[in-house]
Amino acid sequence: MTAQFPPPVAADIALEADEFIALRRQLHTQPELAYKEEKTSALVAERLQAWGYEVTRNVGVTGVVGTLRNGAGGKSLGIRADMDALPIEEATGLSYASATPGVMHACGHDGHTAILLAAAKHLAQTRAFSGTLRLIFQPAEENGGGAHAMIKDGLLERFPVDAIFGLHNWPGVPVGQFGFLAGPAMASVDLAIIRIVGKGGHGAKPQQAVDPVVAAASLVLALQTVVSRHVDPLEAVVVTVGSIHGGIAPNVIPDSVELQLTIRTFDVSVRESVRQRIIELAQAQAASYGARAEVSYRRGYPVLQNHAAETDFARQVALRHFGPERIHQGLRPITASEDFAYFLTERPGSYLFIGNGDSADLHNPHYDFNDAILADAARYWVALVQDYLSDNNEPAK
Ligand code: ZN
């Protein structure tokens with residue numbers, strides 16, 4: 001039996017897709033790292049201005065906000081795209097590959113920016129919405145917390161929004177499929193730097209030294225019990241020791257060894273409990289070898305918590321405009337992190353995913369954003385704006 005849905009309508013939204021595919025490739029050729037998105041933000045600002053948006057630049061260093069008001073609607077809606085690239089040497093060999101050595105759009109933020117610009121142009125030309133639209137072009141998603149920087153710069157007071165949405169392309173999900181996940185959808189990320197301090201000495205006279213290498217080796221194994229023995233088995237946590245450095249010669253016991261850990265969780269209290277456990281283990285393990293541990297624990301992006309009502313709204317938009325066959329069913333929480341999480345701790349909203357098809361993975365030197373998804377992703381934003389900022393969708397007071 002088949003559920004009855006109205007015919008898809010977003011496909012009727014006429015977009016000048018070729019223009020924005022060309023623009024996406026231009027952005028791909030000129031990638032810029034976190035807080036250095038000068039050319040990118042200038043291009044975004046210039047386009048938005050030309051289409052009639054009120055544009056504010058340098059919100060959170062290189063961030064851009066475009067505001068467009070229409071009709072008498074009292075609601076305001078924020079949509080965010082990220083603009084930054086990664087310190088990766090591109091290996092795609094594409095005709096529009098990065099012209100900047102060692103910098104690459106390997107996460108598709110060139111695509112996200114082009115998608116939102118394509119929607120921006122259409123929305124400005126058709127003005128089929130009622131309320132205030134705020135398009136937020138964010139710097140430094142990959143590294144540096146550009147979302148946090150924009151919020152600290154007064155984004156949400158200067159440009160109030162009732163709800164905020166963002167999207168990310170997702171390799172491995174079929175082209176054009178939309179994915180929605182209410183609740184914790186992406187992990188928090190913390191960094192721990194642990195220095196085990198012993199006492200160096202001659203490799204042949206260990207009795208005169210306090211060997212930090214042995215203490216560090218023991219700590220690596222003990223850290224495996226954080227997930228296996230400390231947290232609830234039904235909670236998802238990752239503790240990875242990604243770096244361990246100490247010593248320079250086989251016959252010298254070094255003074256110290258440094259470990260660097262990445263820690264991912266999906267719950268605020270689990271995050272705190274894991275932090276405490278890692279610090280306790282580092283100190284106790286070091287002490288049991290006569291060494292000591294210096295722990296620097298740095299909090300990164302919080303858990304990305306999609307709000308239930310806004311996530312349901314976002315899914316309904318996809319259902320209504322694209323049909324049920326375009327909803328990806330297999331989406332599970334993602335252990336990667338995303339600084340859109342900061343917006344969602346301040347305002348209701350949802351972060352959604354659109355399939356990038358069978359491409360190389362994100363942050364891979366062979367990755368490329370799939371231009372085949374650009375038009376539908378832009379149509380989706382147009383549909384979401386029109387549905388959210390409609391006179392029938394006034395806030396319940
Ligand atoms: Zn990304």
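Going by the structure above, here's the rest.
Everything numeric in this text was worked out from a predicted model, so none of it was measured.

**Looking at the coordination of the zinc ion**
Consideration 1: Protein coordination at the zinc ion: the donors are Cys107 (SG), His109 (NE2) and His168 (NE2), at 2.1 to 2.3 Å from the metal.
Consideration 2: Mapped onto the sequence, the donors of the zinc ion take the spacing C-x1-H-x58-H. Placement of Cys107 in the loop between β3 (76-82) and α3 (109-126) and of His168 in strand β5 (residues 163-171) is noted, with a sequence separation of 61 residues between them. Like His168, Cys107 is buried.

**Some points on the sheet that holds strand β12 (residues 256-265)**
Consideration 1: Read from one edge of the open sheet, four strands run β10-β12-β8-β13, paired in antiparallel fashion. Edge positions in the sheet fall to β10 (237-245) and β13 (292-299), since each has one partner strand and no second. Neighbouring strand axes in the sheet, compared pairwise and without regard to direction, differ in orientation by 20° on average.
Consideration 2: Lying over the sheet, helix α7 (residues 268-288) contacts β8 (188-197), β10, β12 and β13, oriented at roughly 160° with respect to β13.

**Here we look at the sheet that holds strand β1 (residues 54-59)**
Consideration 1: If you trace the seven strands from one edge of the open sheet to the other, you get β1-β2-β4-β3-β5-β15-β6, paired in mixed fashion. Two strands lie at the open edges of the sheet, namely β1 and β6 (178-179), each paired on one side alone.
Consideration 2: Direction of pairing for β3 relative to β5: parallel, over a ladder of four bridges. Counted as the bridge partner of Gly78 is Ile164 from β5.
Consideration 3: Taken strand by strand, helix α2 (residues 38-50) contacts β1, β2 (63-70) and β4 (131-138), and its axis lies near 165° from that of β1.
Consideration 4: Set on the sheet, helix α10 (residues 374-388) makes contact with β3, β4, β5, β6 and β15 (349-357); between it and β3 the angle comes to about 160°.

**Some remarks on the packing of aromatic side chains**
Consideration 1: For the structure shown, the criterion picks out 14 aromatic pairs.
Consideration 2: Both rings, one in Phe322 and one in Tyr380, keep their centres 6.5 Å apart while their planes meet at 35°; by these two values the pair is tilted. Highlighted residues: Phe322 in helix α8 (residues 308-322) and Tyr380 in helix α10, separated in sequence by 58 residues.
Consideration 3: With a relative accessible area of 0%, Tyr380 lands in the buried category.
Consideration 4: A connected cluster of aromatic rings, assembled from ring pairs, spans Trp170, Phe340, Phe343, Tyr351 and Phe353.
Consideration 5: Positioned over the ring face of Tyr388 is Lys75, at 3.9 Å from the centre of the ring.
Consideration 6: Over the aromatic face of Tyr297 sits the side chain of Arg275, whose NZ or CZ is 6.0 Å from the ring centroid.

**Some thoughts on α3**
Consideration 1: With 18 residues, α3 should reach 26 Å at 1.5 Å per residue; the first-to-last C-alpha distance of 26 Å fits that figure.
Consideration 2: Taken across its 18 residues, α3 has 16 buried, putting it largely inside the fold.
Consideration 3: Once α3 ends, the next one or two residues include Arg127, with phi positive near 45°.

**Here's the deal with the side chain of Asp190**
Consideration 1: Of note, Asp190 is situated in strand β8.
Consideration 2: Polar side-chain contacts of Asp190 include one of 2.7 Å to the side chain of Arg271.
Consideration 3: Among the polar contacts listed, one links the side chain of Asp190 to the backbone nitrogen of Gly300, at a separation of 3.0 Å.
Consideration 4: Beyond its immediate sequence surroundings of up to four residues, Asp190 is in contact with Leu261, Thr262, Ile263, Arg271, Tyr297, Arg298, Arg299 and Gly300.

What counts as what
- Residues numbered from 1 in each chain as written.
- Predicted model: local features only at pLDDT ≥ 70, side-chain atom pairs only at ≥ 80, totals over all residues.
- Heavy atoms only, no water.
- Donors = N, O, S within 2.8 Å, 3.2 Å for Na, K, Ca; no water.
- Helix = DSSP H or I, 4+ residues; strand = E, 2+ residues; numbered from the N terminus.
- Buried < 20%, exposed > 50% of the residue type's maximum accessible area, 1.4 Å probe, protein only.
- Pairing = 2+ DSSP bridges.
- Axes fitted to C-alpha atoms, helices over the stretch in contact; angles between N-to-C directions.
- Contact = heavy atoms within 4.5 Å.
- Phe/Tyr/Trp six-rings, centres within 6.5 Å; stacked < 30°, edge-to-face > 60°.
- Lys NZ or Arg CZ within 6 Å of the ring centre and 35° of its normal.
- Expected span 1.5 Å × (residues − 1).
- Polar contact = N/O pair within 3.5 Å; in protein donor to acceptor, adjacent residues only side chain to side chain.

Without other data, these values stay purely geometric and don't point to any function.
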